[in-house]
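Read off the chains here:
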Amino acid sequence: MTYPDTFICLQLAFLITLSCILSFTVAQNPVDTYAPTVNVNCPETPNNSLLRTFTPQNQVLNTSETEYIASRESYVISNAWSNWLGNASDIGYNFENLEGKFPRIGIAVGGEGYRTAQYGAAVLSGLDWRNTTAREGGTGGLLQVASYLSASSGGSWLLGSLLMNDWPSINELVYGNGGNLSSWMLDLDLIVPSSALISDSNNQEYWGSILASVESKANNGLPTSATDIWGRMISYHFLSETTLSNFYTNQTSHGAGQLWSQMSLLPSFQNYTIPFPIVAADSREGSGITTTVPLNSTVYEITPFEFGSWDPGLGSMLPLKFAGTYLTNGLPANSSACITGFDQASFVMGTSSSFFNAFLNVTDGNFEFDTSDGDEEGMNFVFNQLLSHTPSNVMNAANWPNPFKGVNAGTFQDSSSDQLELLDGGSNGEKTPLSSLLVNARGLDVVVVIDGSADDQNYWPNGTSLLTTFDRISSVLSSSHQPMPPIPGTATQFISTGVNMRPTFFGCNLTQDQPAYPIIIYLPNAPPLDGSAPATNTGDTQFSYTSLFTAVFINQAFSNTLGGFKPNTTSPDPNWGQCLQCAAIDRAVNPRSDFCSQCFAQYCYNPNNLPSQSELPDRQFVFVDPDPGGLQKVEVWLTDNKGALAGFVVAIIVVIAGIIGFIFWWRIRRARKSRYSRVDELREDDDPWRYYDSRSLELTPRMSIT
């Protein structure tokens, strides 16, 4: 059999195996709870429309969101401020004078992939009152006083993981708690978790289960794409129900059936522990094949209650429970044409990180991840399987049935489309979902921006995300959103002033003649303060991290979060925690205390007195792998497979012994044959053995054959 024939046979074997897995999974597996429910009775509304619409001038929040924010601020946040500030004397205030005037705060987490999920986790841990080290440093507590938490792309993976696991501490979430939380399994590659081989049986089980989920959705008549595969992969690594022991089995649904709209049933949501969550996603005009998304493309948000956009061109929201329902002018085709269960948590997270418009070549249908770990080949294989089972016209975006068809035909880009094509929340350049927090109706006073972007050649942020938000607010959202405070005008200025490498406060000195912009607390991913080798500036398409790598990554980002900076040193700022408190409470005080004034002189961006990058000496910018060669991964593999490895070693020994035995046998046999051939050449009267040395089979000098 020739090599091509062998290769074709192997491929056929793989396909047959995968088909068997798919058939078995669909028949017996809970992963098919990923399929939405169709032909559901639609709710009755006063005007029969399932949409609520608004203009920038009459914006109003969803009633459930309004009630949640009011309850959280009344029952949780007021006490959280007291815990965080104490009597506020450390920052020069009297807490009694602050009560009832607390600023409304939002936090935005953005960037790409695993890097942002880990960076966001480290920063949130540094802002979490439950973390003893953060609490003692003064930074722990900001998370508890926040009213909103928005996320996109890899940040949505962090947010979804926190929410669907009922808001544990970051340490429990990432590393596990020995009980109901098994940890993030970042050491198992997102695409090829078992090995780089497509033929790997564990990979086949993993992909078969994922494809079964997606096929169950397609079988119910809903459009699917690469984003569905992506979301299901994410769920294995970030949602509940998956452990190391059941990762390659179908013992659980691996997150299928967990709905974003059912988040309100979680205990942590019902007791208002969670900042109100928002996930952002970009879009492109229907059937657009583009890697560049213009600023005027509609940006959507997904909350536990609604799906829609605050952009002036649309200004409409659908109850999230009925996402997936086709509507025209807000009306379903009939009273039982509604769909539920479309808002799978994994699909929401996948939608917000759907970057396939940039990595899926629509010409040849191949992914271009440019990695050497088998991810590209693995994704191509799974994607081709999806195409063979569930063909679709649009495969490089998240397909959402359009509930806004017929709405605002003159200004909404997809008013005539049957479906929406949603993309990664940073596709338009706004990699931290800041604009969702600047909606006028939300009325925020402070926004914390956790920027895990990879903008420059060393994968550090350079302010591009803030600059994009500034441009988008100015050109598209000026009537519907709060304005941005003054920031550097270009990425080059972000770098030259050093504000891309340290905590910075923007908008500190609001005057009466200026529009009411919020203070922005900017926390960019940056090299370690002490000049040690950085490990947090990894690429967007790194789809696995060893446990050691993750620990080093999170520890570095956590230390920076607690460290602030001291100009012209490599030391942390012992006053940083209190300075962060000053920025958080500033919109509620007048005049500013002397202590806080000193903090603002150090941390505020002043366009009239620019800081300099030179104030941040001895930083290392080039990434250094903390676990080169994945040595810890090798150790873990050896531990997990020591039984099989021992058997393999024994088998090798047996094979080697057999080979050695065969060689000895072959040599003896050959020698005998040689000896007999020499006997045949002797004269008839010669003694055949007389001329052989008794210790050798070689002829002695006395022997002469003529």
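Figured I'd write up the structure that's included with this text. These numbers come from a predicted model, not from an experiment.

Now for the overall build of the protein chain. Across its full length, the protein chain carries 19 helices and 16 strands. For the protein chain, buried positions account for 55% of its 706 residues. The long-range share in the protein chain, meaning contacts at least 24 apart out of those at least 6 apart in sequence, stands at 72%. Split by element, the accessible area of the protein chain, about 29100 Å² in all, is 52% carbon and sulfur.

Attention now goes to the packing of aromatic side chains. All chains considered together, the criterion is met by 44 aromatic pairs. Taken together, a centroid distance of 5.0 Å and an interplanar angle of 70 degrees make the contact between Phe247 and Tyr248 edge-to-face. Here Phe494 and Phe506 contribute two aromatic rings whose centre-to-centre distance is 6.2 Å and whose plane-to-plane angle is 55 degrees, an arrangement assigned as tilted. In this pair, Phe494 sits in helix 14 (residues 491-497) while Phe506 sits in strand 15 (residues 504-506), placing the two residues 12 residues apart along the sequence. The same class applies to Phe494 as to Phe506, namely buried. Clustering of aromatic rings is evident, with ring pairs tying together Tyr114, Trp157, Trp184, Trp230, Phe238, Phe355, Phe543, Tyr545, Phe549, Phe553 and Phe623. In this structure, Arg135 packs its charged tip against the face of Trp129, placed 5.2 Å from the ring centre. One residue, Lys217, lies across the ring of Phe347, its end atom 3.7 Å from the ring centre.

Below, the discussion takes up unusual backbone geometry. Across the junction of Asn590 and Pro591, the peptide omega takes the value 5 degrees, indicating a cis bond. Looking at the element boundaries, Pro591 is found in the loop between helix 16 (576-585) and helix 17 (594-603). Its identity is not glycine, yet Asn568 carries a phi of approximately 65 degrees, on the positive side. Position of Asn568 relative to the elements: it lies in the loop between helix 15 (547-563) and helix 16.

A word on the state of the cysteines. This structure, assessed with the given rule, holds 4 disulfides. Between Cys42 and Cys338 runs a disulfide, and the two sulfur atoms are separated by 2.1 Å. The disulfide joining Cys42 to Cys338 has a torsion of about 115 degrees about its S-S bond and is therefore right-handed. In this pair, Cys42 is assigned in the loop between strand 1 (37-40) and strand 2 (52-53) and Cys338 in strand 9 (residues 338-340), connecting sequence segments 296 residues apart. For Cys338, a relative accessible area of 0% gives the class buried. One disulfide in the model links Cys579 with Cys599; its S-S distance is 2.0 Å. Between Cys579 and Cys599, the S-S torsion sits near -70 degrees, and that sign places the bridge as left-handed. With Cys579 in helix 16 and Cys599 in helix 17, the pair connects residues that are 20 residues apart, well separated along the chain. For the pair Cys579 and Cys599, one class covers both residues: buried. Each bonded cysteine of the protein chain gets a number by its place in the sequence, and the pairs then read 1-2, 3-8, 4-7, 5-6.

This part covers the packing of helix 3 (residues 113-126) against helix 5 (residues 154-164). Contact pair helix 3 / helix 5: the axes reach a minimum separation of 7 Å and the direction vectors enclose 55 degrees. It follows from the interaxial angle that helix 3 and helix 5 lie oblique. The interaxial crossing formed by helix 3 with helix 5 has right-handed handedness. Residue-level contacts link Gly113, Tyr114, Thr116, Ala117, Gly120, Ala121 and Leu124 of helix 3 to Gly154, Gly155, Trp157, Leu158 and Leu162 of helix 5. Looking at side-chain class alone, the contact of helix 3 with helix 5 contains 7 nonpolar, 5 polar and no charged residues.

This brings us to the side chain of Asp228. Locating Asp228 in the fold gives a position in helix 8 (residues 226-238). Under the relative-accessibility criterion, Asp228 is labelled buried at 0%. In terms of polar contacts, Asp228 uses its side chain to reach the side chain of Tyr34, at 2.6 Å. Those residues in contact with Asp228, other than ones at most four positions away along the chain, are Tyr34, Val214, Lys217, Pro223 and Phe347.

Within the structure shown, the criterion is met by 15 salt bridges. Between Asp455 and Lys431 there is a salt bridge, and its shortest N-O distance comes to 3.6 Å. With Asp455 in the loop between strand 14 (446-452) and helix 13 (464-475) and Lys431 in the loop between strand 13 (419-423) and strand 14, this residue pair connects regions lying 24 residues apart in the sequence. Given a relative accessible area of 22%, Asp455 falls into the partly exposed group.

Right, let's get into helix 2 (residues 63-85). Counted at 1.5 Å a residue, the expected span for helix 2 with its 23 residues is 33 Å, and the 31 Å between its end C-alpha atoms agrees. Along its length, helix 2 reaches its greatest deviation from straightness, about 45 degrees, at Glu73. Taken together, the buried positions of helix 2 are occupied by Glu65, Tyr68, Ile69, Ser71, Arg72, Ile77, Ala80, Trp81, Trp84 and Leu85. Packing partners of the buried residues in helix 2 comprise strand 3 (105-111), strand 4 (148-151), helix 9 (267-270), strand 5 (276-284) and helix 16. One side-chain oxygen at the N-terminal end of helix 2 lies 2.7 Å from the backbone nitrogen of Ser64; it belongs to Asn62. Just beyond helix 2, the residue with positive phi is Gly86, at close to 65 degrees.

So, on to the environment of Ser346. By the secondary structure assignment, Ser346 is in helix 10 (residues 345-352). Classification of Ser346 as buried rests on a relative accessible area of 0%. Separated by 115 residues in sequence, Ser346 and Gly231 have C-alpha atoms that sit 4.7 Å apart. Non-local contacts of Ser346, meaning those with residues more than four positions away in its chain, are made with Tyr34, Gly231, Arg232, Ser235 and Leu239.

The rules behind these values
- Residues numbered from 1 in each chain as written.
- Predicted model: local features only at pLDDT ≥ 70, side-chain atom pairs only at ≥ 80, totals over all residues.
- Heavy atoms only, no water.
- Helix = DSSP H or I, 4+ residues; strand = E, 2+ residues; numbered from the N terminus.
- Buried < 20%, exposed > 50% of the residue type's maximum accessible area, 1.4 Å probe, protein only.
- Contact = heavy atoms within 4.5 Å.
- Areas by Shrake-Rupley, 256 points an atom, 1.4 Å probe, with all protein chains shown as cover.
- Phe/Tyr/Trp six-rings, centres within 6.5 Å; stacked < 30°, edge-to-face > 60°.
- Lys NZ or Arg CZ within 6 Å of the ring centre and 35° of its normal.
- Disulfide = S-S within 2.5 Å.
- Axes fitted to C-alpha atoms, helices over the stretch in contact; angles between N-to-C directions.
- Parallel < 35°, antiparallel > 145°, perpendicular 65-115°, else oblique.
- Left-handed = near helix turned anticlockwise from the far one by under 90°.
- Nonpolar A, V, L, I, M, F, W, Y, C, P; charged D, E, K, R; others polar.
- Polar contact = N/O pair within 3.5 Å; in protein donor to acceptor, adjacent residues only side chain to side chain.
- Salt bridge = Lys/Arg side-chain N within 4 Å of Asp/Glu carboxyl O.
- Expected span 1.5 Å × (residues − 1).
- Bend = angle between axes of the 7 residues up to and from the residue.

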